[in-house]
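Here is how the chains run, residue by residue.
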Amino acid sequence: ERVLVVCGPGNNGGDGLVTARHLWQFGFSNIIVSYPKYFENPKDPYFKALLTQVQDLGITTLPKMSEESLDNFGVIVDSIFGYSFKGTGVRA
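As the structure is a prediction and not an experimental result, all values here were calculated from the model.

Within the chain, the regular secondary structure consists of three helices and four strands. Each helix and strand of the chain, ordered N terminal to C terminal, gives the series β-α-β-α-α-β-β. In the chain, which comprises 92 residues, the proportion classed as buried is 30%. In the chain, the share of contacts with a sequence separation of at least 24, taken over all contacts with a separation of at least 6, comes to 74%. Carbon together with sulfur atoms contributes 55% to the accessible area of the chain, which is approximately 6,000 Å² in total.

Further remarks concern the sheet that holds strand S4 (residues 75-79). Strand order in the open sheet formed by four strands is S3-S2-S1-S4, with parallel pairing between adjacent strands. Strands at the two margins of the open sheet, each flanked by one partner only, are strand S3 (60-62) and S4. Going across the sheet, the axis of each strand differs from the next one's by a mean of 15°, ignoring polarity. Relative to S3, strand S2 (residues 30-34) is paired through three bridges, and the arrangement is parallel. Among the inter-strand pairings, Ile32 is bridged to a residue of S3, identified as Thr60.

Once that is clear, we can look at the pairing of S2. Counted residue by residue, S2 has four buried out of five residues, so it is predominantly covered. Pairing between strand S1 (residues 2-7) and S2: five bridges, direction parallel. Considered in S2, the bridge of Val6 is made with Ser34. For the segment spanning S1, helix H1 (residues 11-25) and S2, crossover handedness is right-handed.

Thresholds, definitions, all that
Residues numbered from 1 in each chain as written. Predicted model: local features only at pLDDT ≥ 70, side-chain atom pairs only at ≥ 80, totals over all residues. Heavy atoms only, no water. Helix = DSSP H or I, 4+ residues; strand = E, 2+ residues; numbered from the N terminus. Buried < 20%, exposed > 50% of the residue type's maximum accessible area, 1.4 Å probe, protein only. Contact = heavy atoms within 4.5 Å. Areas by Shrake-Rupley, 256 points an atom, 1.4 Å probe, with all protein chains shown as cover. Pairing = 2+ DSSP bridges. Axes fitted to C-alpha atoms, helices over the stretch in contact; angles between N-to-C directions. Right-handed = clockwise from strand over helix to strand, strands pointing away.

Rendered as structure tokens:
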């Protein structure tokens, strides 16, 4: 199955990178990671290390959201915001 991992700017985004790595280790080979905020500010050494690990495995990383239809992915991992998100709107 194709996997899309969408990462946000905080710790949850880092968790998404770890998730992508673990999915690869469990046999998923068609993984795309979208991590727009990191590419805007790549100074954090921890996130840089996690991103390097993912890229070293050959996992595709995109500096913006994939323009493909989400219907093309069998698994979508939402790592945009964590539990401490404070904003307007409804939380599930």
